[in-house]
Amino acid sequence: MSMFQKMLLAVALTSGIATAASAAGTNEPAGIETAKPMSSAEIYRLYNQNSWMWKAGAGYFSTKARRFTAWSRENGSPSFGKGRWFITESGKLCFNADWHAKTGTATAITCFSHRKKGGLIYQKREPDGQWYVFKRAPAQATDEFAKLRHGDYVSSQLGRIETSVSKTK
């Protein structure tokens, strides 16, 4: 697999994550210009030991060695990712994972910036996503935050996805 193909694979595998960012349009939400980056501790509390439920998959942020695991069936194609998650001092949550699909394996680092103002938390996929309200105060069922669930919702599907991808390589 060429480097270009690996890059395309990594982009395709991570494109389905946080689809709210792409649905947000080009208008920045009111208040974002004065919102402050979230601290590492605040971001840790948001994601630690939680699964982020996506339209066609999920990612789990484990405490143990900051392990990140994920599975996806984006566009009907099974894939999975394994790696680590980390938080930057500038308010970003990132995960560095090797993504495996029928077409091969590629490494991708995916990051989301977080800012807060009052009871609002804003999020943006880096580097070129659009800011959107991640969590309101009080939180609403339509917030992206509502897709975070305490516990591991990945492992139960991960083995099946791994087997499915491995059989076709």
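Conventions we followed
- Residues numbered from 1 in each chain as written.
- Predicted model: local features only at pLDDT ≥ 70, side-chain atom pairs only at ≥ 80, totals over all residues.
- Heavy atoms only, no water.
- Helix = DSSP H or I, 4+ residues; strand = E, 2+ residues; numbered from the N terminus.
- Buried < 20%, exposed > 50% of the residue type's maximum accessible area, 1.4 Å probe, protein only.
- Contact = heavy atoms within 4.5 Å.
- Expected span 1.5 Å × (residues − 1).
- Arc of directions from axis to C-beta.
- Disulfide = S-S within 2.5 Å.

The protein chain has the name DUF995 domain-containing protein in an unreviewed UniProt entry, where Rhizobium beringeri is given as its organism.

**Q** Any details on the overall build of the protein chain? Residues and values, ideally.
**A** What the protein chain contains, in helices and strands, is four helices and 10 strands. Listed by position from the N terminus, the elements making up the protein chain come as α-α-β-α-β-β-β-β-β-β-β-β-β-α. The buried share of the protein chain, reckoned over its 169 residues, is 44%. In the protein chain, the share of contacts with a sequence separation of at least 24, taken over all contacts with a separation of at least 6, comes to 49%.

**Q** Lay out helix α4 (residues 155-167) in plain terms, naming residues and giving numbers.
**A** For α4, spanning 13 residues, the distance from its first C-alpha to its last is 19 Å, which sits close to the expected 18 Å at 1.5 Å a residue. What α4 keeps buried is the set L158, I161 and V165. For α4, the buried positions fall inside an angular range of 75° around the axis, keeping them on one side. Opposite the buried face of α4, by more than 90 degrees, sit the exposed residues S156, R160 and K167.

**Q** Tell me about the state of the cysteines, residues and numbers included.
**A** According to the stated counting rule, one finds one disulfide in the structure shown. Between C94 and C111 runs a disulfide, and the two sulfur atoms are separated by 2.1 Å. Handedness of the C94-C111 disulfide follows from its S-S torsion of about 115°: it is right-handed. Here C94, found in strand β6 (residues 92-101), pairs with C111, found in strand β7 (residues 104-117); they are 17 residues apart in sequence, far enough to count as distant. By relative accessible area, C94 is classed as buried at 2%.

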